[in-house]
Amino acid sequence: MPTNDISGYEKCNGCGLCTLPCPIWQQRHDALLTFAGRARALQGGAKPGEIRDSVDACLLCGSCEPAFAMDIRTVDITLKLRAALNGYSKEELPHGQVNQSSSGRALLVPNAALLENKDLLKHSARLLDIPVAEDNGSDVLEAFETGRRPKAGRAVSFIKTLTGIRKVITADGLLKRYMQAVLPGLEVIGLGEALLRLPGMQTALRPTDLYIIEARSYNMDFNRCMPFYTDISRQTGCAMNLDLQRIAIPTGGYTNTETGNEFTPQNTGQIRWILEGRSFNRIVVESVEDIGLLKNAEVDIPVVHVAELAGEDAP
Amino acid sequence: MKQDEFNTTKLPRGIIPPDPVGPDSLKGVPRQQTNPSRWDGTGWNAFVAELTSRDIMINQSLAGRSVYITDGGGVAMGLPRGVLVARSSEDVATILKAAQKYTVPVSVRGGGLTTEGECISFGGLQLDTRGMSNVLHIDEANLTVRTEAGIYWHSLAEALRRRGLDYISAPLNMTSSVGGTLGVGGIDINSPKFGCSADQAIALKVVTPTGEIVECSERENTELFERVLLGYGQFGVITEATLKIRPFTPITMHYFYYSSLRTAIDDLRFLVEEEAADYLGILTMLDRAINLLVAFDSDEKEREFFSRYKKRISGLGEIGFAIHMAAHYALHPWKAKEALYLLERKRSLLPELSPAAHMHGNKIIDRTVVFSRAVWKFWGDREMVIPDLATSSEKFAEAVERGNEVCRRYFPHYTLYCVGIKLFGSFENRPRYELSCIPPDAQNFGYGCEFEPMLGNHNYSRDHFQSFKNEIYDIGVDMGTSYYRFGGMMKGYIRRAFGDELVDKHLAMKQKADPAMILNPDVIF
Ligand SMILES: Cc1cc2nc3c(=O)[nH]c(=O)nc-3n(C[C@H](O)[C@H](O)[C@H](O)COP(=O)(O)OP(=O)(O)OC[C@H]3O[C@@H](n4cnc5c(N)ncnc54)[C@H](O)[C@@H]3O)c2cc1C
Ligand code: SF4
């Protein structure tokens, strides 16, 4: 029985810090469409149904979470609101347990865009020396993101495919949050980070590069990722899509437009904001979707995927 | 007359009728003054209908209005009847014209970080300026930026930093807007060197209360320029600003510790007036643990400080102060609880002021991020009361000590934040300083002290807060000081603090500029 628990927003004290990195704020400057706006509206007595546009607009990019001086799990609260609006409850999620004594196998879980780019997928898997998941759970993750109930049995069957797995490399950082909820203990790492940890990858970055981090992976794991990427940026001199708070500015390219947000691949405002005022002569992306976004934005500068930095059999 | 049977001829100009069920309707229940009365809504529907016919859609939903229910202080509460996120000066002009016609109060909000309810709408229209957040032009050669005024200082910094530039001075909170800050002052820890944010403005685009769009500067429409800067939103809505900017520099920070407030203040004044550092401020942890922050934009300035000024101040370094405090608490073991509080404060606060990701060697890269996050983390409660006193150099130490005494009676823990502010003239050649946070008798430098209780998990009543603020503000009346936050809930002090003559002069100017008195009512007038 869904409980429609939407608690958490009451902690918001209205400082507005969460709006600073928010892509919806950056594009619309309408407070109601941000996390702070939703929290204030609910505090003021509005029902979730009255803020549906705002709940739908969120990209679940996670940028607002590290922006808080206090600890507020904004993404979780928005996910709960979506689920409540769709009559689903996070408590209905299946729960598994990672077997800590399992062999420690790792698995690459691609998202739809990476799955489509077969050469890049193969190349990434070869570099990482791990198999590609046969079931990438994209329907389950989509249900999680949109707050809808997945097809009967799918959530459980997806978890089953991870039996014996200790570590997942994901192309979509939202999987980190999903796994925290359903398979605590499973190590989930972003594809970009995993590739950058391979020997020789970081040295391929140049001071004249702009490196575009997959923001969900980074922001939802901020305390671990921030020092890692900050070090790389300092050592290589390459610029990154980090703001002054060291939060990754999302391109919005990977988000699920089913939710009704405006970040379609044709919406290039956010990518333009990332590029604005910076000088660089190559762009390195972690997210395949960003290649398309940059193309749509008619960016006239070479774009490579981080996997291509290795130079081996580059597609 | 029913709420929306509107007839302009029946309404006396300049009177915004209060809702009969207002905060002062509980007869016989004594209360400190808090919220202003809520407007009764006469003419609202006609106002909205006119704007709708001009394609300006007012959001009247509960969700949309609730976003604006309070300000940074979280103590004053008021619900607007409707909200508009303004996208252009033309939007603002259309609204103000209609507001004059229908006598609808319009409260302007940028970051909404006032603490006395100044930006809150009590039943009228809330005009959110943040829809105007574009940086329009950065002139790297002449070091100026033209920006829309709803932008957060932090967002402006994001755009400037990519070009190796920075704004000059802004509040330490990241989410105050350029327009809202120019209207109230804007104090940074580099204000001893650069003055307040309002003094960084070169030119403004302003929509007057009657809806004219006017460009003004020190050369063009000077009177409006001088009225709008530090004008608490009484004389117009700032929609664009040209500001001075500067090359970005990381800063080197040093802390000196004191156990005497008076000595720390004397040293602050000395360093401010000698222009010995680029950044200066006092932050107290306890009455006997006072921190003087001294920072530099350049190594040369830092070297000069250590060779010329360091020996002339009495602050101790961290180790020296630790020994001093250890000796003190060894002799006063019954104060062990205080010692533990201090240790905990030091343990949690100091690392926040030099987080690895924002440091480069011993330099702080993003001072605003570092300080603002610390401010929100350690002082940013759901409710914040920050009464202050703004004084001349001569009166500063006494004012701070008297204010500190009040804090001690009301709260177990509090912080004092003291800064100096460079002035660029007097009331005669800078009329903007008149009826503002700039103290009337200050010369060359003004000083400010904020008294900020640490509320923790205590629940205090609004009356408790108000009594506390009143006692601090009474000191100001007694000593002839000014205040940074004298509007909104503290507006009862305006005549007492500034005198009838000055207030009546400004009231007459306001009535002329804003015949229906609709723009930001109850902030000052
Ligand atoms: C945690 C915290 C820390 C703070 N730190 C500092 C600090 O270090 N230094 C400092 O100086 N202050 C500080 N303040 C006070 C606050 O920053 C100032 O009041 C702030 O600069 C105002 O900017 P705002 O955009 O938030 O203005 P708002 O609160 O939105 O508005 C301020 C006033 O100006 C009016 N107004 C708003 N926008 C406009 C406009 N475009 N044109 C005309 N009138 C307008 C409003 O009606 C209101 O009366 C702090 C406040 C908080 C809560
Ligand atoms: S998750 Fe991203 S889009 Fe959603 S409110 Fe936070 S910052 Fe904005």
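Residues numbered from 1 in each chain as written. Chains lettered and ligands numbered in written order. Predicted model: local features only at pLDDT ≥ 70, side-chain atom pairs only at ≥ 80, totals over all residues. Heavy atoms only, no water.

A. Up close: the overall build of chain B. Of the regular secondary structure elements, chain B holds 16 helices and 17 strands. Here chain B has a C-alpha radius of gyration of 23 Å; the compact-globule value for 525 residues is 24 Å, and the two agree. Reported as C-alpha extents along the three principal axes, the dimensions of chain B are approximately 75 × 60 × 45 Å. Residue burial in chain B is summarised as follows: out of 525 residues, 62% are buried. Put simply, chain B has 59 plus and 65 minus side-chain charges, and the middle of one group is 2 Å from the middle of the other. (Helix = DSSP H or I, 4+ residues; strand = E, 2+ residues; numbered from the N terminus. Rg over C-alpha atoms; globule rule 2.2 N^0.38 Å. Buried < 20%, exposed > 50% of the residue type's maximum accessible area, 1.4 Å probe, protein only. Lys, Arg positive; Asp, Glu negative; His and termini not counted. Charge placed at Lys NZ, Arg CZ, Asp CG, Glu CD.)

B. Here's a closer look at the site of ligand 1. All names here are of chain B. The immediate surroundings of ligand 1 are formed by 32 residues, with Val108, Gly110, Ser177, Ile187 and Tyr484 found nearest. Separating an oxygen atom of ligand 1 from a backbone N or O atom of Val108 is a distance of 2.6 Å. Within the backbone of Gly112, an N or O atom sits 2.9 Å from an oxygen atom of ligand 1. For ligand 1, the accessible surface in isolation is 960 Å², of which the surrounding protein chains cover 97%. Secondary structure elements with two or more residues in the shell around ligand 1: strand E2 (106–109), helix H5 (178–184), strand E9 (237–247) and helix H12 (367–379). Broken down by element, the residue count for the shell around ligand 1 peaks at four residues, all from H5. Each residue belonging to the shell around ligand 1 can be placed in one class, and the counts come to 14 nonpolar, 15 polar and three charged. (Near = heavy atom within 4 Å. Polar contact = N/O pair within 3.5 Å; in protein donor to acceptor, adjacent residues only side chain to side chain. Areas by Shrake-Rupley, 256 points an atom, 1.4 Å probe, with all protein chains shown as cover. Nonpolar A, V, L, I, M, F, W, Y, C, P; charged D, E, K, R; others polar.)

C. Fine view of the confidence of the model for chain B. Mean pLDDT over chain B: 93, with 95% of residues reaching 70 or higher. Scoring of the predicted complex yields 0.94 for pTM and 0.92 for ipTM. (pLDDT = per-residue confidence, 0-100.)

D. Region of interest: the interface of chain A and chain B. In this assembly, 42 residues from chain A lie in contact with 40 residues from chain B. Interface area for chain A against chain B, summed over the two sides, is near 3300 Å², with a carbon-plus-sulfur share of 56%. Two residues, Glu276 of chain A and Arg163 of chain B, come together in a salt bridge whose shortest N-O distance is 2.8 Å. Counting across the interface, chain A meets chain B through 18 residue pairs in polar contact (both at pLDDT 80 or more). (Contact = heavy atoms within 4.5 Å. Buried area = accessible area lost by both parts, 1.4 Å probe. Salt bridge = Lys/Arg side-chain N within 4 Å of Asp/Glu carboxyl O.)

E. Quick look at the domain arrangement of chain B. Residues and elements named next belong to chain B. Along its sequence, chain B is organised into domain 1 (3–130 + 504–513), domain 2 (135–247) and domain 3 (251–499). Regarding the contact of domain 1 and domain 2, the summed buried area is about 1700 Å², with carbon and sulfur atoms giving 63% of it. For the domain 1 face of the interface with domain 2, the top three residues by lost area are Ser89, Leu113 and Lys510, together amounting to 27%. Counting across the interface, domain 1 meets domain 2 through zero salt bridges. Across the domain 1-domain 2 interface, the total number found is four residue pairs in polar contact (both at pLDDT 80 or more). (Domains from an automatic or database assignment.)

F. Region of interest: the site of ligand 2. All names here are of chain A. Every residue close to ligand 2 is listed here: Cys22, Pro23, Ile24, Phe35, Arg38, Cys58, Leu59, Leu60, Cys61, Gly62, Ser63 and Cys64. Only helix H1 (23–28) and helix H2 (35–43) provide two or more residues apiece to the shell around ligand 2. Across the shell around ligand 2, the residue classes tally to nine nonpolar, two polar and one charged.

G. Structural context of the pattern of salt bridges. Under the counting rule described, the total for this entry stands at 56 salt bridges over all chains. For Arg430 of chain B, the salt bridge goes to Glu218 of chain B, with nearest N and O atoms at 3.1 Å. With Arg430 of chain B in the loop between strand E16 (414–422) and strand E17 (445–453) and Glu218 of chain B in the loop between strand E8 (213–217) and helix H7 (222–228), the pair connects residues that are 212 residues apart, well separated along the chain. A salt bridge links Glu352 of chain B to Lys377 of chain B; the shortest N-O distance between them is 2.8 Å. Here Glu352 of chain B is found in helix H11 (residues 336–352), whereas its partner Lys377 of chain B is found in helix H12, with 25 residues between them in sequence. Each of the salt bridges in this network shares a partner with another, and the network as a whole consists of Lys176, Glu193, Arg197, Asp221 and Arg224 of chain A.

H. Spatial organisation of the sheet that holds strand E14 (residues 363–364) of chain B. All names here are of chain B. The antiparallel open sheet is built from eight strands, whose spatial order is E13-E14-E10-E12-E11-E16-E17-E15. Either end of the sheet is taken by a strand with one partner, and the two such strands are strand E13 (359–360) and strand E15 (388–391). Here E15 pairs with E17 via four bridges, running antiparallel. Note on E17: the bridge partner recorded for Ala390 is Gly448. Along the sheet, H11 contacts strand E10 (251–258), strand E11 (279–286) and strand E12 (289–296); its crossing angle with E11, the most-contacted strand, is approximately 140 degrees. (Pairing = 2+ DSSP bridges. Axes fitted to C-alpha atoms, helices over the stretch in contact; angles between N-to-C directions.)

I. Molecular detail of helix H10 (residues 318–331) of chain B. All names here are of chain B. Here H10 spans 20 Å end to end across 14 residues, near enough to the 20 Å set by a 1.5 Å rise per residue. Where H10 is concerned, the buried positions are Phe321, Met325, His328 and Tyr329. Burial along H10 is one-sided: seen end-on, the buried residues are contained in an arc of 90 degrees. In H10, those exposed residues whose orientation departs by more than 90 degrees from the buried face are Ile319, Ile323, Ala330 and Leu331. On its buried face, H10 sits against E10, E11, E12 and H11. (Expected span 1.5 Å × (residues − 1). Arc of directions from axis to C-beta.)

J. Region of interest: the sheet that holds strand E3 (residues 125–128) of chain B. Residue and element names in this part refer to chain B. Ordered by their spatial adjacency, three strands build an open sheet running E1-E3-E2, and the pairing between neighbours is parallel. Unpaired on one side and paired on the other, strand E1 (82–85) and E2 mark the two borders of the sheet. Pairwise comparison of adjacent strand axes, ignoring direction, gives a mean angle of 25 degrees for this sheet. As defined by bridge partners, E1 adjoins E3 across four bridges and the pair is classed as parallel. Across the sheet, residue Gly82 finds its bridge partner in E3, namely Leu125.

K. Spatial organisation of the nonpolar core. Counting 181 residues, the largest nonpolar core has Leu204 and Leu271 of chain B as its most contacted members. With residues near it in sequence (within four places) discarded, Leu271 of chain B still touches Ala276, Leu280, Leu292, Val294, Phe305, Tyr309 and Ile313 of chain B. Counting 42 residues, the second largest nonpolar core, distinct from the first, contains Ala106, Leu108, Leu127 and Met201 of chain A. (Core = buried A, V, L, I, M, F, W, Y, C linked by side-chain atoms within 4.5 Å.)

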